[in-house]
Amino acid sequence: MATKFNTAAYNFRTKCPYVSKDLLHWFPGHMNKGLKQMQRKLKSVDCVIEVHDARIPFTGRNPIFTSTMTGAKPHILVLNKKDLTIQSLLPKIKDQLTAEEGIENVIFTNSKDQNCRGLKSIRPRIVDIIKNSNRYNRSEELDYSVMIIGVPNVGKSSLINMLRSTNMRIKHALPVGAVAGITRSVMTKIRINNDPKIFMLDTPGILEPSVTNIEMGLKLALCASLQDHLVGEEIIADYLLYWLNKHGKFKYVDYMGLEEPCDDINKVLITGSIKFNRVRRIRDFDGQTREVPDIIEVARTMIKAFRTGELGKILLDINLLKRNREEEKILA
Ligand SMILES: Nc1nc2c(ncn2[C@@H]2O[C@H](COP(=O)(O)OP(=O)(O)OP(=O)(O)O)[C@@H](O)[C@H]2O)c(=O)[nH]1
Ligand SMILES: [Mg+2]
């Protein structure tokens, strides 16, 4: 059982693994181009919906959005993938975002669930916000135009698809995928509602041009906002292991075929290679072939288990959530 281990009995690492900032930096041409086009297009939209990953509500949002885009127009922060995080903490997260960052409109969604209450509340919230805002140059326009922005892979296109299919009963229009950088073309305009007509502009995920904080970069990598091979699967798996041990989340022990928690990523991956039978054949200098653990494949398996929720519901930003003593006890 995952809960039988006591964190205090182990000497786990207390510091985030060191990683070169270069590995966490990804700002390809399409992001630079996309950002400029988005900024130009801003005056022709009525509202900006920023989508982010609910597992990292306090980190990883692109500060360029905050400084240049979300202040200029009415703004809704959608924290998506709520199915992968701790549901009971959502109200506290929302309160903290409002109190500390002044974000008034926070909605939690699961873009894979048609019945999600958060998803259903987006359309009326958009209408309400736009009706109560000064639309300046757009006050004569009957159609509402909403730009969807966010870092890569948080579910921007999935959200638009789901809103379109639930509000208009039309099939999905946009490609989505489990790796970062699926949407490259800027400004695909999708109608998601008929009365009033609401159009959504899909945009490519945009990261900060340079990494300001290594742990933040690793959290983004773990949530697949960077491409795994650019950072390195072993590095991402090591950060995951560090985080799970530090926070007493031991489902990985059974999952990886271990007998008890372990803070050494090599040992964890080698044990996993036996459990999952992930081996690679290599040829020795004398021409003999032999099997060695396929460490990268096992690292991929472990990362995938986190991303699909098999290692538990996780709030990667739990250290940034303000809690009282009573709550500390509940979460311990
Ligand atoms: N569990 C879960 N997965 C989701 C949710 N929303 C989207 N996904 C998955 O997350 C991945 C990324 O979704 P996309 O919609 O392509 O994300 P995006 O933000 O448009 O990504 P880019 O275009 O690459 O920036 C896909 O595998 C989706 O199926 C959600 O609410 N919960
Ligand atoms: Mg997309």
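Residues numbered from 1 in each chain as written. Chains lettered and ligands numbered in written order. Predicted model: local features only at pLDDT ≥ 70, side-chain atom pairs only at ≥ 80, totals over all residues. Heavy atoms only, no water.

(A) Main features of the layout of surface pockets. Quantified by volume, the largest pocket comes out at close to 990 Å³. If you trace the largest pocket, you find 40 residues lining it, with K81, N153, G177, A178 and V179 closest to the centre. Those elements giving two or more residues to the lining of the largest pocket turn out to be α5 (156–168), α7 (228–231) and α11 (295–307). Residues from two domains meet in the lining of the largest pocket; each of domain 1 (2–20 + 213–331) and domain 2 (26–202) gives at least three. (1 Å grid on protein atoms, 1.4 Å probe; cavity = no way out; pocket = protein on both sides within 12 Å on 5 of 7 lines; lining within 4 Å. Points joined across faces, edges and corners; volume = space filled by probe spheres on them. Helix = DSSP H or I, 4+ residues; strand = E, 2+ residues; numbered from the N terminus. Domains from an automatic or database assignment.)

(B) Broad picture of the side chain of S145. Tracing the backbone through its elements, the reader meets S145 in strand β4 (residues 144–149). S145 has contacts with S44, V45, D46, C47, R138, F199 and L201, leaving out every residue within four places of it along the chain. (Contact = heavy atoms within 4.5 Å.)

(C) Region of the structure containing the side chain of T59. Here T59 shows up in the loop between β1 (47–53) and α2 (63–68). Residue T59 is classed as buried on the basis of its relative accessible area of 14%. Not counting residues up to four positions away in its chain, the partners in contact with T59 are H52, M216, K219, D317 and L320. (Buried < 20%, exposed > 50% of the residue type's maximum accessible area, 1.4 Å probe, protein only.)

(D) Geometry of the nonpolar core. Counting 101 residues, the largest nonpolar core has I49 and I93 as the members making the most contacts within it. Counting residues per element, this core draws most heavily on helix α8 (residues 233–246), which supplies eight residues. When residues are assigned to domains, this core turns out to be shared by domain 1 (2–20 + 213–331) and domain 2 (26–202), each giving three or more. Not counting the four nearest positions on each side in its chain, I49 is found in contact with I76, V78, I122, I126, V146, M147, I148, I149 and M200. (Core = buried A, V, L, I, M, F, W, Y, C linked by side-chain atoms within 4.5 Å.)

(E) Quick look at the domain arrangement of the protein. The assigned domain composition of the protein is domain 1 (2–20 + 213–331) and domain 2 (26–202). Placing a centre on the C-alpha atoms of domain 1 and another on those of domain 2 gives a separation of 30 Å. With 27 residues of domain 1 in contact, the opposing surface of domain 2 contributes 25 residues. Summing the contributions of domain 1 and of domain 2, the shared interface buries around 2200 Å²; its carbon and sulfur component is 60%. Of all residues in domain 1, K313, L315 and L321 give up the largest surface area on contact with domain 2, accounting jointly for 22% of the area buried on that side. Taken together, the connections running from domain 1 to domain 2 amount to one salt bridge. Across the pair K322 and E100 runs a salt bridge whose closest N-O atoms are separated by 2.3 Å. (Buried area = accessible area lost by both parts, 1.4 Å probe. Salt bridge = Lys/Arg side-chain N within 4 Å of Asp/Glu carboxyl O.)

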